[in-house]
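# Close look at the chain arrangement
Chain by chain, the residues run as shown.
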Amino acid sequence: MAEELNLTHERIDDIPLLIGLSQKLRLAEVLDKHIGNHGHHQGLSNGTLAMVWLAYILSEQNHKKSLVQEWADAHHHMLEQLLGQPIRNVEFSDDRLGIVLHRLSDSESWHDTQADLWCNRVEVYAIEPKSVRFDTTTASGYHEETEDGVMQKGHSKNHRPDLAQVKLMAACVEPSGQLVASEAVAGQKADPPLYLPIIKRVRNMLGQRGLLYSGDSQMAAIATRADITAHEDYYLMPLPMLGETAQQSESWIAAVVDGPEIAHLIWRDKKLLAAGYEFSRPQTYSLDGQEIQWTERVQVVRSFAFAKPQIEHLEQRLTKAQQAIVALTPAPGRGKRQYRDETKLQEAVTELLAQYKVTGLLSVSWQRQETTTTRYTGRGRGGPDRPTQTQIKVRCQITAVTRDEAAIAQRKHFLGWRVMVTNVPLDQMSLADTTLHYRQGVCIESDFHNLKDRPIGISPLYVRRDDQIIGLTNLLCLALFLLTLIQTEVRRLLAERGEKIAGLYAGQPKHATATPTTVALLKAIAKQEPTLTRVQIGSQCLWHITPLSDLLRRVLDFLGLSPTLYLGLAQNST
């Protein structure tokens, strides 16, 4: 009698790659060292639980802890083989994962974890950062605010001021976008005080001097600039157009628009990007009782890309203002309000010009119209001797709203300017160098996009307690760390080898790129459906894995990982 044949298929996709990378970075060991385990803890350690959970997040594009257990059960054999230890059915329960989040929420442990993980990253994948970018973002959820809770309403970068949020301060290496450090804080906190603490952490983690720290105008506090200078590092950021700076910037811009300063053109790849000039000024600040003195370069730069939307917005305001002014004096009719006092019409016009911020750019003219009506006095039929009375009705009619093209052109010349400050010596970075460097800030915006979009998708947060919210935010930052690391290494080696990768884009199988994203790489690997099959013939059990694609083998090679991560899952694989 023939023995019965049973086949069981298990999609493994990018999971071995993700766990293999975490193991290469000794992620589980680092987490166990800093977040620890309870004295009576059994089974997989908290570090290992977090490592597998991260693989689930990036592979399944979902961070709900309630779904991890079912996923782990479906990949039981593969996970046991990759981890080298048995997995109980209760390992990835909601309670155990909640404990991981609680331990990840401790600020000191989190700082030590990121520091050690960065050291491991440098040991495994050599990197020597020269500049670091800082910025903040927010993640919102349908949470109720509590007095001292982490979820608070504040300035929302998600355009959802109606929702409570947690704020995330992050630092990444430029231009790769490799995440270095992050800190989750209450959502209502202002940005400026968050910079110095994370700068100090990054300085200690990297152990280098002479790094360039850049960020947006929220980073421009004089205390922050003085601290960076005192530690022999450099800064680059725009000044906020507020207070004294706003007043000074008008004269600085006027000096190049109308005055004697000459704008130097800034090009990249034969494309004109910006123009500007710079000057130096002394700075002094008392820091911890010590007076810090340095020379600061003030760079007044006009970005044409920055100016374009501002000019378009000005044109839109001009059009709306013209329409609103004309509508002040509609044709006489029922329910149509008429201006009979020229002074009041003048006031209304002035108010609209100020409302649309186009004062001095439009000229408005009107005429005073009088209508004379003669009527008989009293009731009855009129006659030659019947007394009459004359009524004069006055209305003001706007006759023209004209653009002052010379004034408009002049106003446009003042748009698109930004005032940057830096302490980098001129012989190290020119005006063009600093301008082009600052434009690399898109790297951290890309990181935030990955954090908020697939595969991480931090919003909405599916946990409620403060420790769980902070812990989950930190866990998802670890996922971002892995995501940016893969992208950095693949792009670096493609550039070194002068190679490209094809087959990442649907409908374009031959389209090759030297700058693939991790999301595209993982999606392409999953699309090829690497599958592990259990072949049961009677009492005999064999395992088989589908052949590894060239793409998967190349990505493994770029990351210094062996194909045995996959092939070792099946004893009879070749």
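Notes on the structure in this doc start here. Note that the structure is predicted; figures quoted are calculated from it, not measured. (Residues numbered from 1 in each chain as written. Predicted model: local features only at pLDDT ≥ 70, side-chain atom pairs only at ≥ 80, totals over all residues. Heavy atoms only, no water.)

Attention shifts here to the overall build of the protein chain. Counting its regular elements, the protein chain contains 19 helices and 16 strands. Each principal axis of the C-alpha distribution contributes one length, and for the protein chain these read about 130 × 70 × 55 Å. Going through the 574 residues of the protein chain one by one, you find that 49% of them count as buried. Contacts in the protein chain between residues far apart in sequence, at least 24 positions, make up 68% of those at least 6 positions apart. Accessible surface, the protein chain as shown: approximately 28600 Å² in total, 50% of it carbon and sulfur. (Helix = DSSP H or I, 4+ residues; strand = E, 2+ residues; numbered from the N terminus. Buried < 20%, exposed > 50% of the residue type's maximum accessible area, 1.4 Å probe, protein only. Contact = heavy atoms within 4.5 Å. Areas by Shrake-Rupley, 256 points an atom, 1.4 Å probe, with all protein chains shown as cover.)

Of the strand pairs in this sheet, strand β15 (residues 531-537) and strand β16 (residues 540-545) are connected by 6 bridges, and their pairing is antiparallel. When the bridges of β16 are listed, Ile-537 appears paired with Gln-540. If you look at the hairpin formed by β15 and β16, you'll find 2 residues sitting between the two strands, and Gly-538 has a positive phi there, around 65°. (Pairing = 2+ DSSP bridges.)

The next thing to look at is the state of the cysteines. Applying the stated criterion across every chain yields a total of 0 disulfides. In this structure Cys-119 is not part of a disulfide, and its nearest cysteine sulfur, from Cys-477, lies 18 Å away. (Disulfide = S-S within 2.5 Å.)

What follows deals with the packing of aromatic side chains. Under the definition given, this model contains 4 aromatic pairs. Linked through ring pairs, Trp-252, Tyr-277 and Phe-279 together constitute an aromatic cluster. The positively charged end of Lys-64 is found above the aromatic ring belonging to Tyr-462, 4.8 Å away from the centroid. The side chain of Arg-337 reaches across the aromatic face of Tyr-339, ending 4.6 Å from its centre. (Phe/Tyr/Trp six-rings, centres within 6.5 Å; stacked < 30°, edge-to-face > 60°. Lys NZ or Arg CZ within 6 Å of the ring centre and 35° of its normal.)

Among the nonpolar cores identified, the biggest contains 134 residues, and Leu-17, Phe-92, Phe-134, Val-202, Tyr-213, Leu-475 and Tyr-566 are the most heavily contacted of them. Considering each element in turn, this core owes the most residues, 17 residues, to helix α16 (residues 466-497). Of all hydrophobic cores here, the second largest spans 20 residues; its members include Leu-328, Ala-348, Val-358 and Leu-362. (Core = buried A, V, L, I, M, F, W, Y, C linked by side-chain atoms within 4.5 Å.)

Moving on, we come to a nonpolar patch on the surface. Where nonpolar side chains cluster on the molecular surface, the patch consists of Leu-265, Trp-267, Leu-272 and Phe-304 and spans about 370 Å² of accessible area. Structurally, Trp-267 can be placed in strand β7 (residues 264-268). Here Trp-267 falls in the partly exposed class, since its relative accessible area comes to 46%. (Patch = residues over 30% accessible without salt bridge, like charges linked within 9 Å, V, L, I, M, F, W, Y side chains within 5 Å. Salt bridge = Lys/Arg side-chain N within 4 Å of Asp/Glu carboxyl O.)

Let's shift gears to the packing of helix α2 (residues 27-35) against helix α3 (residues 46-60). Their axes nearest at 7 Å, the elements α2 and α3 cross at an angle of 135°. By the angle class used here, α2 and α3 are oblique. Here α2 and α3 pass one another in a crossing that is right-handed. Taking contact as the criterion, the partners of Leu-27, Ala-28, Leu-31, Asp-32 and Ile-35 in α2 are, on α3, Asn-46, Gly-47, Thr-48, Ala-50, Met-51 and Leu-54. (Axes fitted to C-alpha atoms, helices over the stretch in contact; angles between N-to-C directions. Parallel < 35°, antiparallel > 145°, perpendicular 65-115°, else oblique. Left-handed = near helix turned anticlockwise from the far one by under 90°.)

So, about a negative patch on the surface. Where like charges cluster on the molecular surface, the negative patch consists of Asp-341, Glu-342, Glu-347 and Glu-351. Along the chain, the position of Glu-347 falls in helix α12 (residues 342-355). (Lys, Arg positive; Asp, Glu negative; His and termini not counted. Charge placed at Lys NZ, Arg CZ, Asp CG, Glu CD.)

Moving on, we get to the side chain of Gln-165. Relative to the elements of secondary structure, Gln-165 occurs in strand β3 (residues 164-173). Here the side chain of Gln-165 touches His-155 through a polar contact of 3.1 Å, landing on its backbone oxygen. Discounting residues that sit within four places of it in the chain, Gln-165 has contacts with Thr-138, Ala-139, Ser-140, Val-150, Met-151, Gln-152, Gly-154, His-155, Ser-156 and Gly-187. (Polar contact = N/O pair within 3.5 Å; in protein donor to acceptor, adjacent residues only side chain to side chain.)

A separate point is unusual backbone geometry. Residue Pro-175 follows Glu-174 across a cis peptide bond; omega there is -5°. In this fold, Pro-175 is placed in the loop between β3 and β4 (179-186). A cis amide bond links Arg-454 to the next residue, Pro-455, at an omega of 10°. Summarising the element assignment, Pro-455 is placed in the loop between α15 (442-452) and α16.

Turning to helix α7 (residues 107-124), a few remarks are in order. Working note: α-helix, 3.6 residues per turn, so residues spaced by three or four point in the same direction. Helix length check: α7 (18 residues) gives 26 Å between terminal C-alpha atoms against 26 Å at 1.5 Å per residue, within 8%. By the burial criterion, the buried members of α7 are Ser-109, Trp-110, Thr-113, Gln-114, Leu-117, Trp-118, Asn-120 and Arg-121. In an axial view of α7, the angular spread of the buried residues amounts to 165°, which keeps them on one side of the axis. Of the exposed residues in α7, those oriented more than 90 degrees away from the buried face are Glu-108 and Glu-123. Packing partners of the buried residues in α7 comprise α2, α6 (94-104), β3, β4, α8 (195-206) and α16. (Expected span 1.5 Å × (residues − 1). Arc of directions from axis to C-beta.)

Pairing is antiparallel in the open sheet, where 3 strands are placed in the order β1-β15-β16. Strand pairing shows two members of the sheet lacking a second neighbour, β1 (5-11) and β16, which therefore form its edges. When strand polarity is set aside, the average angle formed by the axes of neighbouring strands in this sheet is 20°. Bridge analysis of β1 against β15 gives 7 bridges, and the strand direction is antiparallel.

The next subject is the pairing of strand β2 (residues 131-141). In summary, the side chains of a regular strand alternate between the two faces of the sheet. When you tally the buried positions in β2, you get 11 out of 11 residues, the bulk of the element. Side-chain alternation along β2 places Ser-131, Arg-133, Asp-135, Thr-137, Ala-139 and Gly-141 on one buried face and Val-132, Phe-134, Thr-136, Thr-138 and Ser-140 on a second face that is also buried. Pairing geometry for β2 and β3, over 10 bridges, is antiparallel. Looking at β3, one finds that Thr-138 is bridged to Lys-167.

The first and last C-alpha atoms of α8 sit 16 Å apart over 12 residues, in line with the 16 Å expected at 1.5 Å per residue. Every buried residue belonging to α8 is among Tyr-195, Ile-198, Ile-199, Arg-201, Val-202, Arg-203, Met-205 and Leu-206, and all of these are buried. Residues of α8 that are buried make contact with α7, β2, β3, β4, β5 (212-214) and α9 (222-230). Gly-207 sits one or two residues past α8 and shows a positive phi near 60°.

Bringing the sheet that holds strand β12 (residues 417-422) into the picture now. Strand order in the open sheet made by the 9 strands is β4-β3-β2-β5-β6-β12-β9-β8-β7, with mixed pairing throughout. Looking at the sheet topology across the chains shown, the edges are occupied by β4 and β7. The sheet shows a mean angle of 25° between the axes of neighbouring strands, taken without regard to direction. The sheet contact formed by β2 and β5 spans 3 bridges and is parallel.

This part takes up the pattern of salt bridges. Where side chains of opposite charge bring their charged atoms close, a pairing between them can arise. Taken as a whole, this structure holds 27 salt bridges when the rule is applied. For Glu-315, the salt bridge identified is with Arg-403, shortest N-O distance 3.0 Å. With a gap of 88 residues between them, Glu-315 in helix α11 (residues 304-326) and Arg-403 in strand β11 (residues 388-403) connect regions that are remote in the sequence. Given a relative accessible area of 23%, Glu-315 falls into the partly exposed group.

Bear in mind that shape data such as this cannot, by itself, settle questions of function.
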